[in-house]
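Fold and contact review
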Amino acid sequence: MTATGGPVQEDELHARIDGRLPAERAEAVDAYLAAHPELRERWSQYAEQRHALRAAFAQTGGQIPARLRVAHLRAEQRRRGYSQLARVAATVGFLILGGIGGWTARDVFSALTFSSSAAVASAVFDDAIAAHRTFSVETRHPVEVGAGEEAHLVQWLSKRLGHPLIAPDLTALGFGLMGGRLLSADTGPAALLMYEDGKGTRLSCYYISADVGGETEFQYREQNSISAFYWMEDGLAYAIAANADRDLLLKVAEIVYQQTSPVGAKAKIPPAPGKPS
(Lines give C-alpha, C1' and ligand atoms only; values in the text may rest on other atoms or scores of the structure.)
Protein backbone atom coordinates (compact mmCIF):
# COMPACT_ATOMS: atom_id res chain seq x y z
CA MET A 1 0.00 0.00 0.00
CA THR A 2 1.44 3.34 -1.03
CA ALA A 3 0.52 6.99 -0.71
CA THR A 4 2.17 10.37 -0.94
CA GLY A 5 4.90 10.53 1.72
CA GLY A 6 5.56 6.78 1.77
CA PRO A 7 3.71 3.44 1.87
CA VAL A 8 0.52 3.20 3.93
CA GLN A 9 0.95 0.59 6.66
CA GLU A 10 -1.92 -1.37 8.20
CA ASP A 11 -0.96 -0.04 11.63
CA GLU A 12 -1.55 3.47 10.25
CA LEU A 13 -5.06 2.48 9.19
CA HIS A 14 -5.77 1.32 12.75
CA ALA A 15 -4.26 4.53 14.12
CA ARG A 16 -6.41 6.58 11.71
CA ILE A 17 -9.56 4.94 13.08
CA ASP A 18 -8.43 5.57 16.65
CA GLY A 19 -7.67 9.24 15.80
CA ARG A 20 -4.00 8.93 16.71
CA LEU A 21 -2.44 9.70 13.33
CA PRO A 22 -0.65 13.05 12.76
CA ALA A 23 -2.62 15.43 10.54
CA GLU A 24 -0.21 15.34 7.60
CA ARG A 25 -0.12 11.54 7.58
CA ALA A 26 -3.89 11.32 8.08
CA GLU A 27 -4.37 13.26 4.84
CA ALA A 28 -2.18 10.77 2.97
CA VAL A 29 -4.09 7.81 4.40
CA ASP A 30 -7.44 9.42 3.55
CA ALA A 31 -6.27 10.01 -0.01
CA TYR A 32 -5.22 6.40 -0.31
CA LEU A 33 -8.59 5.15 0.98
CA ALA A 34 -10.42 7.50 -1.40
CA ALA A 35 -8.59 5.84 -4.29
CA HIS A 36 -9.52 2.34 -3.08
CA PRO A 37 -13.33 2.23 -2.45
CA GLU A 38 -13.44 -1.45 -1.42
CA LEU A 39 -10.78 -0.96 1.21
CA ARG A 40 -12.40 2.29 2.34
CA GLU A 41 -15.75 0.52 2.87
CA ARG A 42 -14.17 -2.19 4.99
CA TRP A 43 -12.31 0.27 7.21
CA SER A 44 -15.41 2.46 7.46
CA GLN A 45 -17.20 -0.53 8.99
CA TYR A 46 -14.39 -0.93 11.52
CA ALA A 47 -14.70 2.77 12.36
CA GLU A 48 -18.47 2.46 12.87
CA GLN A 49 -17.93 -0.46 15.25
CA ARG A 50 -15.39 1.57 17.20
CA HIS A 51 -17.80 4.51 17.53
CA ALA A 52 -20.64 2.20 18.56
CA LEU A 53 -18.47 0.65 21.27
CA ARG A 54 -17.36 4.08 22.45
CA ALA A 55 -20.99 5.21 22.70
CA ALA A 56 -21.94 2.07 24.63
CA PHE A 57 -19.16 2.53 27.19
CA ALA A 58 -19.81 6.27 27.43
CA GLN A 59 -23.28 5.51 28.83
CA THR A 60 -21.59 4.11 31.91
CA GLY A 61 -19.08 6.94 32.11
CA GLY A 62 -16.21 4.66 31.18
CA GLN A 63 -13.58 4.47 28.50
CA ILE A 64 -13.31 1.77 25.86
CA PRO A 65 -11.02 -0.90 27.31
CA ALA A 66 -7.63 -1.04 25.61
CA ARG A 67 -8.32 -4.55 24.29
CA LEU A 68 -11.35 -3.25 22.34
CA ARG A 69 -9.53 -0.38 20.65
CA VAL A 70 -8.93 -1.21 17.02
CA ALA A 71 -5.35 0.07 17.08
CA HIS A 72 -4.45 -2.38 19.85
CA LEU A 73 -5.80 -5.51 18.21
CA ARG A 74 -2.76 -6.34 16.08
CA ALA A 75 -0.37 -5.80 18.99
CA GLU A 76 -2.44 -8.09 21.20
CA GLN A 77 -2.59 -10.71 18.48
CA ARG A 78 1.20 -10.62 18.10
CA ARG A 79 1.64 -10.82 21.89
CA ARG A 80 -0.57 -13.91 22.10
CA GLY A 81 1.33 -15.53 19.27
CA TYR A 82 4.70 -14.88 20.92
CA SER A 83 3.41 -16.11 24.27
CA GLN A 84 2.12 -19.35 22.80
CA LEU A 85 5.38 -19.87 20.90
CA ALA A 86 7.38 -19.31 24.07
CA ARG A 87 5.31 -21.89 25.95
CA VAL A 88 5.78 -24.47 23.22
CA ALA A 89 9.54 -23.79 23.03
CA ALA A 90 9.90 -24.07 26.79
CA THR A 91 7.93 -27.32 26.82
CA VAL A 92 10.07 -28.84 24.08
CA GLY A 93 13.17 -27.79 26.03
CA PHE A 94 11.92 -29.54 29.14
CA LEU A 95 11.18 -32.67 27.14
CA ILE A 96 14.67 -32.70 25.67
CA LEU A 97 16.32 -32.17 29.03
CA GLY A 98 14.13 -34.77 30.72
CA GLY A 99 13.02 -32.27 33.33
CA ILE A 100 9.32 -33.16 33.41
CA GLY A 101 9.48 -36.51 35.16
CA GLY A 102 6.77 -38.89 34.07
CA TRP A 103 4.98 -36.47 31.77
CA THR A 104 4.78 -37.57 28.15
CA ALA A 105 4.82 -35.25 25.14
CA ARG A 106 1.14 -35.99 24.64
CA ASP A 107 0.36 -34.90 28.22
CA VAL A 108 2.21 -31.64 27.74
CA PHE A 109 0.69 -30.68 24.43
CA SER A 110 -2.77 -31.64 25.68
CA ALA A 111 -2.25 -29.19 28.53
CA LEU A 112 -1.18 -26.49 26.07
CA THR A 113 -4.26 -27.14 23.93
CA PHE A 114 -6.50 -26.89 27.00
CA SER A 115 -4.91 -23.59 27.97
CA SER A 116 -5.36 -22.25 24.45
CA SER A 117 -9.00 -23.42 24.36
CA ALA A 118 -9.70 -21.65 27.66
CA ALA A 119 -8.20 -18.43 26.28
CA VAL A 120 -10.35 -18.69 23.15
CA ALA A 121 -13.48 -19.29 25.25
CA SER A 122 -12.78 -16.26 27.44
CA ALA A 123 -12.19 -14.00 24.44
CA VAL A 124 -15.32 -15.22 22.63
CA PHE A 125 -17.46 -14.76 25.75
CA ASP A 126 -16.21 -11.19 26.21
CA ASP A 127 -16.59 -10.24 22.54
CA ALA A 128 -20.02 -11.84 22.10
CA ILE A 129 -21.42 -10.18 25.22
CA ALA A 130 -19.91 -6.80 24.26
CA ALA A 131 -21.34 -7.05 20.74
CA HIS A 132 -24.79 -7.97 22.03
CA ARG A 133 -24.75 -5.19 24.58
CA THR A 134 -23.76 -2.69 21.87
CA PHE A 135 -26.13 -3.61 19.06
CA SER A 136 -29.18 -5.08 20.80
CA VAL A 137 -30.19 -1.62 22.02
CA GLU A 138 -30.03 -0.07 18.55
CA THR A 139 -33.44 0.97 17.22
CA ARG A 140 -32.56 2.04 13.67
CA HIS A 141 -29.46 0.00 12.89
CA PRO A 142 -29.33 -3.16 15.02
CA VAL A 143 -28.20 -5.13 11.94
CA GLU A 144 -26.22 -4.42 8.79
CA VAL A 145 -28.21 -6.69 6.45
CA GLY A 146 -31.88 -7.39 7.18
CA ALA A 147 -33.71 -10.72 7.30
CA GLY A 148 -35.26 -9.92 3.92
CA GLU A 149 -31.85 -10.70 2.41
CA GLU A 150 -31.15 -13.80 4.48
CA ALA A 151 -29.59 -15.81 1.65
CA HIS A 152 -27.21 -12.98 0.77
CA LEU A 153 -26.42 -12.38 4.45
CA VAL A 154 -25.53 -16.01 5.16
CA GLN A 155 -23.46 -16.34 1.98
CA TRP A 156 -21.56 -13.12 2.72
CA LEU A 157 -20.78 -14.02 6.34
CA SER A 158 -19.83 -17.58 5.40
CA LYS A 159 -17.35 -16.29 2.85
CA ARG A 160 -15.78 -13.81 5.25
CA LEU A 161 -15.39 -16.37 8.07
CA GLY A 162 -14.31 -19.20 5.77
CA HIS A 163 -16.96 -21.55 7.22
CA PRO A 164 -20.44 -22.49 5.95
CA LEU A 165 -22.94 -20.79 8.26
CA ILE A 166 -26.69 -21.01 8.59
CA ALA A 167 -29.23 -18.72 10.22
CA PRO A 168 -30.82 -20.99 12.85
CA ASP A 169 -34.61 -21.28 12.87
CA LEU A 170 -35.73 -20.20 16.35
CA THR A 171 -39.45 -19.80 15.62
CA ALA A 172 -40.23 -22.70 17.97
CA LEU A 173 -39.16 -20.39 20.81
CA GLY A 174 -40.89 -17.34 19.36
CA PHE A 175 -37.79 -15.64 17.96
CA GLY A 176 -37.55 -14.34 14.41
CA LEU A 177 -34.42 -13.35 12.52
CA MET A 178 -33.83 -9.59 12.32
CA GLY A 179 -30.64 -9.84 10.26
CA GLY A 180 -26.94 -9.73 10.94
CA ARG A 181 -23.65 -7.93 10.58
CA LEU A 182 -19.94 -8.50 10.12
CA LEU A 183 -17.73 -7.63 13.09
CA SER A 184 -14.00 -7.27 13.62
CA ALA A 185 -12.37 -9.28 16.40
CA ASP A 186 -8.74 -9.56 17.40
CA THR A 187 -8.35 -12.92 15.64
CA GLY A 188 -10.26 -12.04 12.48
CA PRO A 189 -13.79 -11.40 11.22
CA ALA A 190 -16.79 -12.46 13.29
CA ALA A 191 -20.48 -12.78 12.44
CA LEU A 192 -23.46 -11.63 14.49
CA LEU A 193 -27.04 -12.74 13.81
CA MET A 194 -29.76 -11.00 15.82
CA TYR A 195 -33.21 -12.32 16.71
CA GLU A 196 -36.24 -10.79 18.42
CA ASP A 197 -39.43 -12.20 19.95
CA GLY A 198 -42.88 -10.67 20.25
CA LYS A 199 -42.01 -9.09 23.60
CA GLY A 200 -39.04 -7.22 22.18
CA THR A 201 -36.42 -9.50 23.75
CA ARG A 202 -33.38 -9.74 21.52
CA LEU A 203 -30.70 -12.40 21.40
CA SER A 204 -27.50 -12.74 19.40
CA CYS A 205 -25.81 -15.69 17.73
CA TYR A 206 -22.10 -14.94 17.49
CA TYR A 207 -19.69 -16.91 15.30
CA ILE A 208 -15.93 -16.69 14.86
CA SER A 209 -13.24 -18.99 13.48
CA ALA A 210 -11.19 -20.67 16.20
CA ASP A 211 -7.72 -22.03 15.45
CA VAL A 212 -7.89 -24.48 18.37
CA GLY A 213 -8.71 -28.04 17.36
CA GLY A 214 -11.29 -30.31 18.95
CA GLU A 215 -14.69 -29.65 20.47
CA THR A 216 -15.91 -28.26 23.77
CA GLU A 217 -18.93 -28.80 25.97
CA PHE A 218 -21.39 -25.99 26.53
CA GLN A 219 -20.02 -23.31 28.85
CA TYR A 220 -22.10 -20.63 30.55
CA ARG A 221 -21.29 -17.15 31.81
CA GLU A 222 -23.14 -14.08 33.09
CA GLN A 223 -21.76 -10.57 32.85
CA ASN A 224 -23.67 -7.47 33.99
CA SER A 225 -27.15 -8.89 33.21
CA ILE A 226 -26.09 -10.42 29.87
CA SER A 227 -25.85 -14.22 29.79
CA ALA A 228 -24.14 -16.37 27.18
CA PHE A 229 -23.60 -20.01 26.25
CA TYR A 230 -20.45 -20.92 24.34
CA TRP A 231 -19.13 -23.99 22.56
CA MET A 232 -16.69 -24.85 19.79
CA GLU A 233 -16.82 -27.40 16.99
CA ASP A 234 -14.98 -28.00 13.70
CA GLY A 235 -12.88 -24.84 13.96
CA LEU A 236 -15.82 -22.53 14.65
CA ALA A 237 -16.70 -20.94 18.00
CA TYR A 238 -20.34 -20.21 18.82
CA ALA A 239 -21.88 -17.97 21.48
CA ILE A 240 -25.53 -17.26 22.23
CA ALA A 241 -26.02 -14.05 24.22
CA ALA A 242 -29.09 -12.29 25.60
CA ASN A 243 -30.53 -10.49 28.57
CA ALA A 244 -32.52 -13.60 29.42
CA ASP A 245 -32.62 -16.37 32.02
CA ARG A 246 -30.37 -19.39 31.75
CA ASP A 247 -33.13 -21.89 30.95
CA LEU A 248 -34.34 -19.96 27.89
CA LEU A 249 -30.81 -19.37 26.68
CA LEU A 250 -30.03 -23.06 27.11
CA LYS A 251 -33.00 -24.02 24.93
CA VAL A 252 -31.77 -21.62 22.25
CA ALA A 253 -28.24 -23.00 22.45
CA GLU A 254 -29.50 -26.59 22.11
CA ILE A 255 -31.54 -25.72 19.02
CA VAL A 256 -28.64 -23.85 17.43
CA TYR A 257 -26.29 -26.74 18.19
CA GLN A 258 -28.67 -29.32 16.74
CA GLN A 259 -29.13 -27.27 13.56
CA THR A 260 -25.44 -26.45 13.05
CA SER A 261 -23.68 -29.60 14.26
CA PRO A 262 -22.81 -32.14 11.54
CA VAL A 263 -24.14 -34.96 13.73
CA GLY A 264 -27.06 -33.05 15.20
CA ALA A 265 -26.56 -34.71 18.57
CA LYS A 266 -27.21 -32.97 21.86
CA ALA A 267 -24.13 -31.58 23.57
CA LYS A 268 -23.39 -32.36 27.19
CA ILE A 269 -24.92 -29.53 29.20
CA PRO A 270 -23.26 -28.42 32.45
CA PRO A 271 -25.42 -27.80 35.52
CA ALA A 272 -26.45 -24.28 36.41
CA PRO A 273 -23.93 -22.46 38.62
CA GLY A 274 -24.37 -23.55 42.21
CA LYS A 275 -26.27 -26.74 41.33
CA PRO A 276 -24.89 -30.27 41.67
CA SER A 277 -23.78 -32.20 38.58
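Here's a quick rundown of the structure. (Residues numbered from 1 in each chain as written. Predicted model: local features only at pLDDT ≥ 70, side-chain atom pairs only at ≥ 80, totals over all residues. Heavy atoms only, no water.)

Quick word on the environment of Ala242
Looking at the secondary structure, you find Ala242 in strand S9 (residues 236-242). A relative accessible area of 1% means that Ala242 is categorised as buried. In this structure, the C-alpha to C-alpha distance between Ala242 and Ile226, residues 16 residues apart in sequence, is 5.5 Å. If sequence neighbours within four positions are ignored, Ala242 has contacts with His132, Arg202, Leu203, Ser225, Ile226, Ser227 and Leu249. (Helix = DSSP H or I, 4+ residues; strand = E, 2+ residues; numbered from the N terminus. Buried < 20%, exposed > 50% of the residue type's maximum accessible area, 1.4 Å probe, protein only. Contact = heavy atoms within 4.5 Å.)

Observations concerning the pattern of salt bridges
The full count for this structure, using the stated rule, is 2 salt bridges. In this structure, Glu196 and Arg202 form a salt bridge, with 3.2 Å as the shortest nitrogen-oxygen distance. The exposure class of Glu196 is partly exposed, given its relative accessible area of 28%. (Salt bridge = Lys/Arg side-chain N within 4 Å of Asp/Glu carboxyl O.)

Some points on the nonpolar core
For soluble globular proteins, the rule of thumb is that nonpolar side chains tend to be buried together. In this structure, Leu193, Tyr195, Leu203, Tyr207 and Ile240 are the most contacted members of the largest nonpolar core, which totals 33 residues. Sorting the residues of this core by element identifies helix H6 (150-161), strand S4 (176-185), strand S5 (188-196), strand S6 (202-209), strand S8 (226-233), S9 and helix H7 (246-260) as the ones contributing at least two each. The dominant element in this core, judged by the number of residues it contributes, is H7, at 7 residues. The contacts of Tyr195, once residues within four sequence positions are left out, are Ala167, Pro168, Leu170, Phe175, Gly176, Leu177, Met178, Thr201, Arg202, Leu203 and Cys205. (Core = buried A, V, L, I, M, F, W, Y, C linked by side-chain atoms within 4.5 Å.)

Observations regarding the pairing of S9
Sheet faces and side chains relate simply in a regular strand, where the side chains alternate between the two faces. Most of S9 sits inside the fold, with 7 of its 7 residues counted as buried. Side chains Leu236, Tyr238, Ile240 and Ala242 of S9 all project onto a buried face; the interleaved residues Ala237, Ala239 and Ala241 project onto the opposite face, where all are buried too. Of the strand pairs in this sheet, S6 and S9 are connected by 7 bridges, and their pairing is antiparallel. Each bridged residue has a counterpart across the sheet, and for Leu203 the counterpart in S9 is Ala242. In this sheet, S9 lies alongside S8 in antiparallel orientation, the contact comprising 7 bridges. When the sheet's bridge partners are listed, Met232 is paired in S9 with Ala237. What sits between the antiparallel neighbours S8 and S9 is a turn of 2 residues, in which Asp234 has the positive phi angle 55°. (Pairing = 2+ DSSP bridges.)

Description of unusual backbone geometry
Backbone geometry at Asn224 places phi at a positive 50°, although glycine is not the residue there. Considering the arrangement of structural elements, one finds Asn224 in the loop between strand S7 (219-223) and S8. Overall, the relative accessible area of 63% leaves Asn224 in the exposed class. One non-glycine residue, Ser225, adopts positive backbone phi at about 80°. Looking at where Ser225 falls in the secondary structure, it is placed in the loop between S7 and S8.

Things to note about the sheet that holds S8
Two orientations exist for strands paired in a sheet by backbone hydrogen bonds: parallel and antiparallel. Spatially, 7 strands are ordered S3-S4-S5-S6-S9-S8-S7 in an open sheet, and the strand pairing comes out antiparallel. Strands with a single pairing partner mark the edges of an open sheet, and in this sheet they are strand S3 (145-146) and S7. Against the sheet, H6 contacts S3, S4, S5, S6 and S9, and its axis sits at roughly 25° relative to S4. Along the sheet face, H7 touches S6, S7, S8 and S9 and points at about 25° away from the line of S8. (Axes fitted to C-alpha atoms, helices over the stretch in contact; angles between N-to-C directions.)

Describing the packing of aromatic side chains
Here the structure, examined in full by the defined rule, presents 8 aromatic pairs. Judged by centre distance (5.8 Å) and plane angle (80°), the ring pair of Phe218 and Tyr257 falls under edge-to-face. One end of the pair, Phe218, is in the loop between S6 and S7; the other, Tyr257, is in helix H7, and 39 residues separate them in sequence. As far as the burial class goes, Phe218 and Tyr257 line up, both buried. Both rings, one in Trp231 and one in Tyr238, keep their centres 5.1 Å apart while their planes meet at 10°; by these two values the pair is stacked. On the accessibility criterion, Tyr238 (7% relative accessible area) is buried. (Phe/Tyr/Trp six-rings, centres within 6.5 Å; stacked < 30°, edge-to-face > 60°.)

Concerning helix H1 (residues 10-17)
Along an α-helix, residues three or four apart share an orientation, since each turn contains 3.6 residues. Looking at H1, one finds that the buried residues are Glu12, Leu13, His14, Ala15 and Ile17. Gly19 occupies a position one or two residues after H1 and carries a positive phi of about 70°.

Taken by themselves, the reported measurements are silent on function.
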